[in-house]
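The residues making up each chain are set out below.
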Amino acid sequence: MSAKAYHLNLLKDSERVSSSPVRIRVMLPVLAMFAVAGAVVWWGSLLGRVLLARASAQTLQAEIDTRKAAYADVMEKMNLANELESELEQLKYYRAGRHVYGGVLTSLAEVMPLKIQLTRLEIPPPPPQSLVPPGVLPGRPYTPLWGPTGNVESVSLVLAGRTPKETPIVTLMESLESDAFTNLVTIVKDPRRSDQSPKVRSIRQDASRRGEGSRMLAFEIEYRVKDRRFAK
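Just so you know, these numbers come straight off a predicted model, no measurement behind them.

The rules behind these values
- Residues numbered from 1 in each chain as written.
- Predicted model: local features only at pLDDT ≥ 70, side-chain atom pairs only at ≥ 80, totals over all residues.
- Heavy atoms only, no water.
- 1 Å grid on protein atoms, 1.4 Å probe; cavity = no way out; pocket = protein on both sides within 12 Å on 5 of 7 lines; lining within 4 Å.
- Points joined across faces, edges and corners; volume = space filled by probe spheres on them.
- Helix = DSSP H or I, 4+ residues; strand = E, 2+ residues; numbered from the N terminus.
- Nonpolar A, V, L, I, M, F, W, Y, C, P; charged D, E, K, R; others polar.
- Phe/Tyr/Trp six-rings, centres within 6.5 Å; stacked < 30°, edge-to-face > 60°.
- Buried < 20%, exposed > 50% of the residue type's maximum accessible area, 1.4 Å probe, protein only.
- Pairing = 2+ DSSP bridges.
- Patch = residues over 30% accessible without salt bridge, like charges linked within 9 Å, V, L, I, M, F, W, Y side chains within 5 Å.
- Areas by Shrake-Rupley, 256 points an atom, 1.4 Å probe, with all protein chains shown as cover.
- Salt bridge = Lys/Arg side-chain N within 4 Å of Asp/Glu carboxyl O.
- Polar contact = N/O pair within 3.5 Å; in protein donor to acceptor, adjacent residues only side chain to side chain.
- Contact = heavy atoms within 4.5 Å.
- Arc of directions from axis to C-beta.

Below, the discussion takes up the layout of surface pockets. Reported here for the largest pocket is a volume of approximately 460 Å³. Gln129, Pro148, Gly150, Glu153 and Phe230 are the residues nearest the centre of the largest pocket, which is lined by 19 residues in total. It is helix 2 (residues 68-96) that provides the largest number of residues to the lining of the largest pocket, a total of five residues. Across the lining of the largest pocket, the residue classes break down as eight nonpolar, eight polar and three charged. Reported here for the second largest pocket is a volume of approximately 160 Å³. If you go around the second largest pocket, you meet 15 residues; those closest to its centre are Val155, Ser156, Glu222, Tyr223 and Arg224. Contributions of two or more residues to the lining of the second largest pocket are made by strand 2 (152-163) and strand 5 (217-229). For the lining of the second largest pocket, the class distribution of residues is six nonpolar, five polar and four charged.

Right, dumping it as structure tokens:
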């Protein structure tokens, strides 16, 4: 009788398990511990960076606070310098628009006819400046402009006086058309133009001279003078 090998399986079917679940149960806690350790290290590094950044920000803020007074002083001086530069530039504009009439008025005295009694020589002030911003509807509130938007100002010259007849007036007007007065008055004889110069405002009998035996004419003539241009 030959010998036979007998294999006895004493494990129940419910006790049979694979080796893989054992490795997963062992590795999962290990991996979880590594993940937690990595998160702790990362959070620690992040916290250290935040603390360093906060300390740096506090240092910078302290430095800024110590320099606030010096900064305010510098800004005040810069604003003052800008304001003075603006005023200086404005004065340059006024200087460019300045007209000198002394020499021309001396020439006017030389050509004035003897039979004319000059009662008034006037350069009327310019009309009030419009400081209303463009596009503002009437009656609506607005913030006025700092100054007029135009850089040209019209100027006129008014001559008023008395004379016994019209001939001296004609002689005076012809004298003002000569080359000696080109820098003072502008001659535009076209009556269709709005800037006609000269304009005879009035020639009438002087009421104040009635009854004195001499008939006098009162006249008033307006000339357009060279415009003032406020530019460099």
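On inspection of all chains with the given rule, the structure shows one aromatic pair. Between the aromatic rings of tryptophan 42 and tryptophan 43, the centroid separation amounts to 5.1 Å while the plane-to-plane angle is 75°, which identifies the pairing as edge-to-face. Under the relative-accessibility criterion, tryptophan 43 is labelled exposed at 54%.

The buried count for strand 2 comes to ten of twelve residues, which makes it a mostly enclosed element. Across eleven bridges, strand 2 lies against strand 5 in antiparallel orientation. The partner of serine 156 across the bridge, within strand 5, is arginine 224.

So, about a nonpolar patch on the surface. Where nonpolar side chains cluster on the molecular surface, the patch consists of Trp42, Trp43, Leu46 and Val50 and spans about 430 Å² of accessible area. In this fold, leucine 46 is placed in helix 1 (residues 20-66).

Turning our attention to the pattern of salt bridges. A side chain with one charge may pair with a side chain of the opposite charge, provided their charged atoms come close. For the structure shown, the criterion picks out twelve salt bridges. Here arginine 120 and glutamate 122 are joined by a salt bridge, their closest N and O atoms 2.5 Å apart. Judged by its relative accessible area of 31%, arginine 120 is partly exposed. Between arginine 201 and glutamate 222 there is a salt bridge, with its nearest N and O atoms 3.0 Å apart. Here glutamate 222 lies in strand 5 and arginine 201 lies in strand 4 (residues 199-205), a separation of 21 residues in the sequence. Residue classification places arginine 201 among the partly exposed positions, given a relative accessible area of 44%. A relative accessible area of 22% places glutamate 222 in the partly exposed class. Each of Arg120, Glu122, Arg201, Glu220 and Glu222 takes part in salt bridges that share partners, so that together they form one network.

Locating serine 175 in the fold gives a position in helix 4 (residues 167-175). Here serine 175 falls in the buried class, since its relative accessible area comes to 18%. There is a polar contact of 2.9 Å between the side chain of serine 175 and the backbone oxygen of threonine 171. Not counting residues up to four positions away in its chain, the partners in contact with serine 175 are Val111 and Phe181.

The next subject is helix 4. Along helix 4, the residues classified as buried are Pro168, Ile169, Leu172, Met173 and Ser175. Seen from one end, helix 4 has its buried residues packed into an arc of 160°, which puts them on one side. In this structure, the buried residues of helix 4 make contact with helix 3 (102-111), strand 2, strand 4 and strand 5.

When you line up the elements, aspartate 227 lands in strand 5. As for aspartate 227 and glycine 97, which are separated by 130 residues in sequence, their C-alpha atoms are 8.3 Å apart. Leaving out residues up to four positions away in the same chain, aspartate 227 has contacts with His99, Val152, Glu153, Ser154 and Val155.

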